[in-house]
Amino acid sequence: MSLMRSLLLAASQNQWLRDHATHYRFVKSTVSRFMPGETLEEALAAAQTLRAKKIGVVFTHLGENIKDREEARQVTGHYLEVLDRIRQNGLQAEISVKLTQLGLDLSADVCFENLRAIVGCAQKDTVVWVDMEASNYVEMTLDLYRRVLLEYPNVGICLQAYLYRTKDDLTKLLPLRPSIRLVKGAYNEPREIAFPLKKDVDENYFELAKLMLQAKKENRCARAAFGTHDVALIRRLSDFSSQQRLAKTEMEVQMLYGIQRAEQERLANEGCTSIVLVAYGSYWYPWFVRRLAERPANLWFMVRNVFAA
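What counts, and at which threshold
Residues numbered from 1 in each chain as written. Predicted model: local features only at pLDDT ≥ 70, side-chain atom pairs only at ≥ 80, totals over all residues. Heavy atoms only, no water. Buried < 20%, exposed > 50% of the residue type's maximum accessible area, 1.4 Å probe, protein only. Helix = DSSP H or I, 4+ residues; strand = E, 2+ residues; numbered from the N terminus. Pairing = 2+ DSSP bridges. Right-handed = clockwise from strand over helix to strand, strands pointing away. Polar contact = N/O pair within 3.5 Å; in protein donor to acceptor, adjacent residues only side chain to side chain. Contact = heavy atoms within 4.5 Å. Phe/Tyr/Trp six-rings, centres within 6.5 Å; stacked < 30°, edge-to-face > 60°. Lys NZ or Arg CZ within 6 Å of the ring centre and 35° of its normal. Expected span 1.5 Å × (residues − 1). Core = buried A, V, L, I, M, F, W, Y, C linked by side-chain atoms within 4.5 Å.

Asks: I keep staring at the pairing of strand 1 (residues 56-61) and nothing clicks. Help me out?
Replies: For a regular strand, side-chain orientation follows a simple rule: the groups alternate between the two sheet faces. In terms of burial, strand 1 is largely enclosed, as five of its six residues are buried. Examined bridge by bridge, strand 1 and strand 8 (residues 273-280) share six bridges and lie parallel to one another. Among the inter-strand pairings, Val58 is bridged to a residue of strand 8, identified as Leu277. As judged from the three bridges shared by strand 1 and strand 2 (residues 93-97), these two strands associate in the parallel manner. By the bridge assignment for strand 2, Val57 is matched with Ala93. Tracing the backbone out of strand 1, into helix 5 (residues 69-89) and back to the parallel element strand 2 gives a crossover that is right-handed.

What follows is the structure, given as structure tokens:
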């Protein structure tokens, strides 16, 4: 793991920085380039703009590690409102949720009921994505995902390429015809359970992605989505998808709002499925810093943008 990535991940967990950094105008100005605002209304407006460019949206309301049952219920209610607003506005949009936001730290059953309520209210031709969190939550998250998937096929799971276990997890999920979003990973994990070197993470990502695309061709994977801003990797995946004779629309790339905008538009214009994750909410600090840690080059991109403003 690079020194910069290690420092960023440590910063994402620092309570003092979380309490103070959010008050600095420089930080808020920077974050505004990667999320349209803190409110649902601002997120919906961003989705309308992206729709005009043939780009879909996944909304995520920032927050995690809720330990109060009523607060978890309120988060569930908020996501039900989001689903209703998506329908009202006729948006090409989905949602992505963190299970610790829905009460996983309270109990698996509380979390299951909240997740089940959300997925049950989503349109059947859309997917409710379940985010993957730190490694200590992986087994619980996969268990809950499988429980909900047995009842609702329109639920998807995020897998992290930097974990050694992920190939085995993917293999075990494919018989259930899952929807999977593959990311590299954004938590500070020990080398005993995660690839410490970027080049190894990148290669494992590509190998996992090939398995997903092959499964997609064989109808064993309902959705194969790739969460990455790595343009070179995207080209490799596009080439492999073409070799498998998959339709252009089956090549689905999900990126963050404000990053690689030209690539997002290129993919959409070429007929690929281009999706943007639109995050909003006041609990943005740890999310934002972890996003920088996923690809530390984004930090320099951020600095260039600030000085260019």
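After that view, the rundown keeps rolling.
Asks: How should I be thinking about the side chain of Lys184 in this particular structure?
Replies: Its location among the elements puts Lys184 in the loop between strand 5 (179-183) and helix 9 (198-217). A relative accessible area of 16% places Lys184 in the buried class. Within the local environment of Lys184, its side chain forms a polar contact with the side chain of Asp202, the two groups lying 2.9 Å apart. Once residues lying within four places of it in the same chain are set aside, the contact partners of Lys184 are Gln160, Ala161, Tyr162, Lys198, Val201, Asp202, Tyr205, Gly227, Thr228, Asp230 and Leu233.

Asks: It is not clear to me how the packing of aromatic side chains should be interpreted in this structure. Could you clarify?
Replies: Aromatic ring pairs are described here by two measures, namely the spacing of the ring centres and the angle between the planes. Counting across every chain of the model gives one aromatic pair. Lying over the aromatic face of Phe112, Arg147 brings its terminal NZ or CZ to 3.9 Å of the ring centre.

Asks: Is there a simple way to think about the environment of Glu133 in this case?
Replies: With respect to the secondary-structure elements, Glu133 resides in the loop between strand 3 (128-130) and helix 7 (138-151). Leave out the neighbours within four places in its chain, and Glu133 touches Glu64, Lys98, Leu99, Thr100, Gln160 and Tyr187. Within the structure, Glu133 has its side chain in polar contact with the backbone nitrogen of Leu99 (distance 3.2 Å).

Asks: Sorry, what's going on with helix 6 (residues 108-121) here?
Replies: Side chains of residues three or four places apart in an α-helix project in the same direction, reflecting 3.6 residues per turn. In this model, helix 6 (14 residues) spans 20 Å end to end at C-alpha, consistent with the 20 Å of a helix rising 1.5 Å per residue. When we look at burial in helix 6, the residues that qualify are Val110, Cys111, Phe112, Asn114, Leu115, Ile118 and Val119. Close packing links the buried residues of helix 6 with helix 5, strand 2, strand 3, helix 7 and strand 4 (155-160).

Asks: How should the pairing of strand 4 be read in this particular structure?
Replies: Here strand 4 lies mainly inside the structure; six of its six residues are buried. Both faces of strand 4 are covered, namely the face carrying Val155, Ile157 and Leu159 and the face carrying Gly156, Cys158 and Gln160. Looking at chain direction, strand 3 and strand 4 are connected through three bridges and run parallel. Its bridge partner being in strand 4, Val128 is matched across the sheet by Val155.

Asks: What exactly am I supposed to notice about helix 9 here?
Replies: When the terminal C-alpha atoms of helix 9 are compared, their 29 Å separation across 20 residues agrees well with the 28 Å that a helix rising 1.5 Å per residue should span. All buried positions along helix 9 are accounted for by Val201, Asp202, Asn204, Tyr205, Phe206, Leu208, Ala209, Met212, Leu213, Ala215 and Lys216. Considering only its buried residues, helix 9 is in contact with helix 8 (166-173), strand 5, strand 6 (223-227) and helix 10 (231-243). Just downstream of helix 9 lies Asn219, where phi reads positive at about 65°.

Asks: What am I meant to see in the nonpolar core here?
Replies: Nonpolar side chains tend to gather and get buried jointly when the protein is soluble and globular. Counting 82 residues, the largest nonpolar core has Phe59, Ile95, Leu182 and Phe226 as its most contacted members. The leading source of residues in this core is helix 9, at eight residues. The residues contacting Phe59, other than those within four sequence positions of it, are Ala43, Leu44, Ala47, Val82, Ile86, Leu91, Ala93, Glu94, Ile95, Ser96, Val278 and Tyr280. Within the second largest apolar cluster, 10 residues are counted, among which are Val127, Leu256, Ile275 and Phe288.

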